[in-house]
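# Observations on the model geometry
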Amino acid sequence: MTIKDLVKWVLFPGTNLNARFRVRTIAKLLGRPKAGAPLEILDAGCGNGALAYQAYLLGNNVLGVSIKDEVERNQRLFNSQRKIPTNKLAFKELNLYNVAELGAERFDEIICTEVMEHIRGDRAVCENYFKILKPGGKLH
């Protein structure tokens, strides 16, 4: 790990105090494994991966998706540098209009923060979220 990578990790998720507060606040709302079984969580529009990482730290299996170059950066940070297995925390490039591409995967929770204001067809995206949520699932 380079000095630059180490400094980034120490400052993660960044120096923006509002963003740091949001991550801490939202992380308190995320589900925890039940009876030792991890929840399946989708972080839709995962950004820097901070909320996906928080959900992973709680013991859940998490998939973070984005259409930006964040996916590769998150894979490098979490899976390569931090050695987190991809069956526990993975990142994938995916357009939120196409969440049906996830196939039969169903999620206990979907995190979607700081994203919907950037989407024109937000109704269609939300309808797709509810198709991939398990019964009783939560959309954050």
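In this report, the structure presented in the accompanying data block is examined. Because the structure is a prediction, the values reported are computed rather than measured.

### Quick look at the overall build of the chain
- For the chain, the helix and strand inventory stands at 5 helices and 5 strands.
- A compact globule built from 140 residues would reach a C-alpha radius of gyration of about 14 Å, and the chain, at 15 Å, matches this within 12%.
- Principal-axis analysis of the C-alpha atoms gives the chain an extent of 45 × 40 × 25 Å.
- The long-range share in the chain, meaning contacts at least 24 apart out of those at least 6 apart in sequence, stands at 67%.
- Split by element, the accessible area of the chain, about 8300 Å² in all, is 54% carbon and sulfur.

### Concerning the packing of aromatic side chains
- All chains considered together, the criterion is met by 3 aromatic pairs.
- Ring plane angle 25° and centroid distance 5.6 Å describe the contact between Phe78 and Phe91, whose orientation is recorded as stacked. Taken as a pair, Phe78 in helix 4 (residues 70-81) and Phe91 in strand 3 (residues 89-93) lie far apart in primary sequence, 13 residues in all. Phe91 shares its class with Phe78; the two are buried.
- Three or more aromatic residues joined by ring pairs form one cluster here, namely Tyr53, Tyr56, Phe78 and Phe91.

### Structural notes on a nonpolar patch on the surface
- The grouping of Ile3, Leu6, Val7, Val10 and Leu11 at the surface amounts to a nonpolar patch, some 480 Å² of accessible area in total.
- Along the chain, Ile3 falls in helix 1 (residues 3-11).

### Some points on the side chain of Asp43
- Its location among the elements puts Asp43 in strand 1 (residues 40-44).
- Despite its burial, Asp43 pairs with no opposite charge; the closest candidate is Arg73, at 10 Å N-O.
- The contact partners of Asp43, leaving out residues within four places of it in the chain, are Leu51, Ala52, Leu63, Gly64, Val65 and Ile111.

### Some remarks on helix 2 (residues 17-27)
- Turning to helix 2, its buried residues number three or more, namely Val23, Ile26 and Ala27. Projected down its long axis, helix 2 carries its buried residues within an arc of 100°, all on one side. The outward face of helix 2, more than 90 degrees from its buried face, is lined by the exposed residues Leu17, Phe21 and Arg24.
- For helix 2, the secondary structure elements touched by its buried residues are helix 3 (50-57).

### Some words on the sheet that holds strand 4 (residues 107-111)
- The 5 strands are arranged 3-2-1-4-5 in an open sheet whose pairing can be described as parallel. Each end of this open sheet is capped by a strand with a single partner; those strands are strand 3 and strand 5 (133-139). Geometrically, the sheet is characterised by an average inter-axis angle of 20° between neighbouring strands, direction not taken into account.
- Pairing of strand 2 (residues 61-66) with strand 3 involves 5 bridges; the strand directions are parallel. Following the sheet pairing, Leu63 is matched in strand 3 by Ala90.
- Its contacts with the sheet put helix 3 on strand 1, strand 2, strand 3 and strand 4, and the angle it makes with strand 3 is roughly 150°.
- Taken strand by strand, helix 5 (residues 122-132) contacts strand 1, strand 4 and strand 5, and its axis lies near 130° from that of strand 5.

### Section: the nonpolar core
- The biggest cluster of nonpolar side chains holds 20 residues, and the ones touching the most others in it are Phe78, Leu89 and Phe91.
- The set of elements that each furnish at least two residues to this core consists of helix 2, helix 3, helix 4 and strand 3.
- In terms of residues, this core owes the most to one element, helix 3, which gives 5 residues.
- Residues Ala90, Leu102, Val115 and Val125 belong to the second largest nonpolar core, which totals 18 residues.

Thresholds, definitions, all that
Residues numbered from 1 in each chain as written. Predicted model: local features only at pLDDT ≥ 70, side-chain atom pairs only at ≥ 80, totals over all residues. Heavy atoms only, no water. Helix = DSSP H or I, 4+ residues; strand = E, 2+ residues; numbered from the N terminus. Rg over C-alpha atoms; globule rule 2.2 N^0.38 Å. Contact = heavy atoms within 4.5 Å. Areas by Shrake-Rupley, 256 points an atom, 1.4 Å probe, with all protein chains shown as cover. Phe/Tyr/Trp six-rings, centres within 6.5 Å; stacked < 30°, edge-to-face > 60°. Buried < 20%, exposed > 50% of the residue type's maximum accessible area, 1.4 Å probe, protein only. Patch = residues over 30% accessible without salt bridge, like charges linked within 9 Å, V, L, I, M, F, W, Y side chains within 5 Å. Salt bridge = Lys/Arg side-chain N within 4 Å of Asp/Glu carboxyl O. Lys, Arg positive; Asp, Glu negative; His and termini not counted. Arc of directions from axis to C-beta. Pairing = 2+ DSSP bridges. Axes fitted to C-alpha atoms, helices over the stretch in contact; angles between N-to-C directions. Core = buried A, V, L, I, M, F, W, Y, C linked by side-chain atoms within 4.5 Å.

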